[in-house]
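Structure assessment
So the chains spell out like this:
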Amino acid sequence: MKYRIDPRTGKELSVLGFGCMRFPIKMGTIDMKRTEKLVKTAIEQGVNYFDTAYIYPGSEAALGQILTKELRDKVYIADKLPLFLCRSASDLDKLFNKQLERLKTDRIDYYLMHMLAESKQWETLCGYGIEKWIEDQKQKGRIGQIGFSFHGIRDEFQKIIDMYDWDFCQIQYNYMDENNQAGKTGLMKAAAKNIAIIIMEPLLGGKLATGLPPAAVKIFKKADSELTPAAWALKWLWHHPEPTVLLSGMSDESGLEENLKTAETAEPGNLNDSEMELFTEVIKIIKSSYKIPCTGCGYCMPCPFGVNIPMCFAAYNASFAISKGTGMQQYMTNTGSLSPQRHSASVCRKCGKCESHCPQSIPIRQELANVEKRMEPFWYKPILSIIRAVVGIKSK
């Protein structure tokens, strides 16, 4: 296993991290026998970073059951505070203590604000005394490093990362997402702050592994018949020196084995110029099936009514280029489905301000109507309203 250094602590973190959201399932619950085997094999092969969350069903408890005292001391646990469940200062201790109980541990090494998408969310937490709470938990040794996972637009990332002295951040990044969410500019800003950078969705929910157009797969196979599209995607990320850890939700033995093998090549600059050019061709093929020629430049932003225009278009395009399920997942994640203020296409009031700034001359109002039609079917708003009511999210 290769390792990269956490700039803040000097700790060696495995370049491949284990994302615990997709533990194997049997009869509707986590298959503990297979999960334990996967986790222990990963640890034996040098993986030392395990990422879970309060809202991943059964994940924390499963990890806590597997990580005996001997194994616990060999790994770093990353866990996340569910922001939408925080409605008062008392919730901070209540939720955190529950996580320690599930994990059967006295500390969480890397603790994140989960799905931080807007600077306003952090301001709300500050109103609950989150900064003093973090300081107290660190002094007690119950939290090691503090960070956030980001699911918003580029400008909000730039604000959030400057609002606190973060130890690390977690962003979605892959060869299709250089201009989405935090994007490359966010990656470089985080690197300039000398903090650890954890990469989520390196395979875009697995779609860069198994959902590529045949023509794109052919390009990769022609270059190296031994490497799978998944391996190419991981190598692209490890080619860059900025990422510290790449998270992969390895739910089967073959996926774990392949990722471990690929991780052995995880050196900055591991791809030559001609290999990097392959990605330009693959991206072009994927984007050829895009319905909206949006580059994600963000010149249309901010929208006066809060629509996350680039993310709406990115999710819509992904629903055609990769799969509708992937598009829906991106749409719900990146348009504030669990935030007080929603940023979906249906928020558009057709003022037209965005269109005068678009370098691609996209008829944005018309396209947002198309996005709403496809990404917000008849069941979308009622179901979303129920979910928001259950978790206590009040719309702004």
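Everything below is about the structure printed above this text.
Just so we're clear, the structure is a prediction, and the values are computed from it rather than from any experiment. (Residues numbered from 1 in each chain as written. Predicted model: local features only at pLDDT ≥ 70, side-chain atom pairs only at ≥ 80, totals over all residues. Heavy atoms only, no water.)

**Considering the overall build of the protein**
Basically, it comes down to this: Comment: elements are numbered from the N terminus, with helices defined as DSSP H or I runs of at least four residues and strands as E runs of at least two. The globule rule is 2.2 Å times the number of residues to the power 0.38, and the radius of gyration it is compared with is taken over C-alpha atoms. Here the term buried applies to any residue with accessible area under 20% of the maximum for its type, exposed to any over 50%, and partly exposed to those in between, with areas from a 1.4 Å probe on protein chains only. Throughout, a residue-residue contact means that at least one pair of heavy atoms, one from each residue, lies within 4.5 Å. For the area figures, the Shrake-Rupley method with a 1.4 Å probe applies, and any residue is considered shielded solely by the protein chains shown.
Assigned secondary structure in the protein consists of 17 helices and 12 strands. Computed over its C-alpha atoms, the radius of gyration of the protein comes to 21 Å, within 12% of the 21 Å expected for a compact globule of 396 residues. Principal axes of the C-alpha set define a box for the protein whose edges measure 60 × 55 × 45 Å. Burial statistics for the protein: of 396 residues in total, 54% are counted as buried. Long-range pairs, those at least 24 residues apart, make up 76% of the contacts in the protein between residues at least 6 apart in sequence. When the accessible surface of the protein is summed, it comes to about 17,200 Å², and 52% of that surface belongs to carbon and sulfur atoms.

**Concerning a nonpolar patch on the surface**
Which entries qualify depends on this criterion: Here, patches come from residues exposed beyond 30% relative accessible area and free of salt bridges, joined within 9 Å for like charges and within 5 Å for nonpolar side chains (Val, Leu, Ile, Met, Phe, Trp, Tyr). Salt bridge, as applied in this entry: a Lys or Arg side-chain nitrogen positioned within 4 Å of an Asp or Glu carboxyl oxygen.
Residues Phe 378, Trp 379, Ile 383, Ile 386, Ile 387 and Val 390 make up a contiguous nonpolar surface patch of roughly 660 Å² in combined accessible area. Looking at where Phe 378 falls in the secondary structure, it is placed in the loop between helix H16 (364–375) and helix H17 (380–391).

**Focus: the packing of aromatic side chains**
Filter applied, for reference: Each pair of aromatic rings taken from Phe, Tyr and Trp, with Trp reduced to its six-membered ring, is defined by centres within 6.5 Å and is described as stacked if the planes are under 30 degrees apart, edge-to-face if over 60, and tilted in the remaining cases. Only when the NZ of Lys or the CZ of Arg is both within 6 Å of the ring centre and within 35 degrees of the ring normal is a charge said to sit over the ring.
Taken as a whole and assessed by the stated rule, the structure comprises 24 aromatic pairs. Between the aromatic rings of Phe 96 and Trp 133, the centroid separation amounts to 5.4 Å while the plane-to-plane angle is 90 degrees, which identifies the pairing as edge-to-face. Of this pair, Phe 96 sits in helix H4 (residues 89–103) while Trp 133 sits in helix H6 (residues 130–139), and the two are 37 residues apart along the sequence. Put simply, the rings of Trp 122, Phe 148, Phe 150, Phe 157, Tyr 164 and Trp 166 touch in pairs and so form one group of aromatic residues. Positioned above the aromatic ring of Phe 320, the side-chain terminus of Arg 374 is 3.8 Å from the ring centre.

**Description of unusual backbone geometry**
Cis peptide bonds are those with omega within 30 degrees of zero, and the linkage from Met 301 to Pro 302 qualifies with 0 degrees. Position of Pro 302 relative to the elements: it lies in the loop between helix H13 (273–287) and helix H14 (309–321). Positive phi is not limited to glycine here, since Met 27 has a value of about 55 degrees. Position of Met 27 among the secondary structure elements: in the loop between strand E4 (25–26) and strand E5 (29–30). If you check the backbone angles, Lys 104 has positive phi at about 55 degrees while not being a glycine. Turning to its location among the elements, Lys 104 is positioned in the loop between H4 and strand E8 (108–116).

**Points about the pairing of strand E7 (residues 76–82)**
Heads up, the rule is: Should DSSP find at least two bridges between two strands, the strands are regarded as paired. Looking down the strands as they point away from you, a crossover is right-handed if its path from the first strand over the helix to the second goes clockwise.
With seven of seven residues buried, E7 lies mostly within the body of the structure. Neither face of E7 is open: one carries Tyr 76, Ala 78, Lys 80 and Pro 82, the other Ile 77, Asp 79 and Leu 81, and all of them are buried. Relative to E8, E7 runs parallel, the two sharing five bridges. Looking at E8, one finds that Lys 80 is bridged to Leu 112. A crossover links E7 with its parallel partner E8, the connecting element being H4, and its sense is right-handed.

**Description of the packing of helix H10 (residues 214–223) against H13**
Helix-helix packing is characterised by the crossing angle of the two axes and by the distance between the axes. Note the following rule: Here an axis means a line fitted to C-alpha atoms, over the contact stretch when the element is a helix, while the angle between two N-to-C directions is reported on a 0 to 180 degree scale. Each angle gets one of four labels, with under 35 degrees taken as roughly parallel, over 145 as roughly antiparallel, 65 to 115 as roughly perpendicular, and the rest as oblique. Handedness of each helix crossing follows the sense of rotation of the near helix against the far helix: counterclockwise by less than a right angle gives left-handed, clockwise gives right-handed. Basically, the charged four are Asp, Glu, Lys and Arg, the nonpolar ten are Ala, Val, Leu, Ile, Met, Phe, Trp, Tyr, Cys and Pro, and anything else, Gly included, counts as polar.
At a minimum axis separation of 8 Å, H10 and H13 run at an interaxial angle of 165 degrees. Judged by the inter-axis angle, H10 sits roughly antiparallel to H13. Crossing angle aside, the handedness with which H10 passes H13 is right-handed. Contacts between H10 and H13 involve Ala 215, Ala 216, Ile 219, Phe 220 and Ala 223 from the first element and Leu 278, Phe 279, Glu 281, Val 282 and Ile 285 from the second. A breakdown of the residues in the contact of H10 with H13 according to their chemical character gives nine nonpolar, no polar and one charged.

**As for the environment of Arg 388**
Looking at where Arg 388 falls in the secondary structure, it is placed in helix H17. We classify Arg 388 as buried; its relative accessible area is 5%. Taking the C-alpha atoms as reference, Arg 388 lies 36 Å from Arg 72; in sequence the two are 316 residues apart.

**Section: the pairing of E8**
By the criterion of burial, E8 is predominantly enclosed, with eight of the nine residues buried. Relative to strand E9 (residues 143–150), E8 is paired through six bridges, and the arrangement is parallel. Directly across from Leu 112, in E9, lies its bridge partner Gly 147.

**Focus: the sheet that holds strand E6 (residues 49–51)**
Strand order in the closed barrel formed by eight strands is E3-E6-E7-E8-E9-E10-E11-E12, and the pairing between neighbours is parallel. Mean inter-strand twist for the sheet, computed between neighbouring axes without regard to direction, equals 30 degrees.

**Topic: the environment of Met 188**
Note that Met 188 resides in helix H8 (residues 183–192). Given the relative accessible area of 35%, Met 188 is considered partly exposed. Linking Met 188 and Cys 358, residues 170 residues apart in sequence, is a C-alpha distance of 25 Å.

**Things to note about the packing of H14 against helix H15 (residues 324–334)**
Where H14 contacts H15, the two axes come as close as 6 Å, and the packing angle between them is 165 degrees. One finds that H14 runs roughly antiparallel with respect to H15. Seen from above, H14 lies across H15 with right-handed handedness. Together, Met 311, Cys 312, Ala 314, Ala 315, Ala 318 and Ser 319 of H14 and Lys 324, Gly 327, Gln 330, Tyr 331 and Asn 334 of H15 make up the contact between the two elements. Classifying every residue of the contact of H14 with H15 by side-chain character gives six nonpolar, four polar and one charged.

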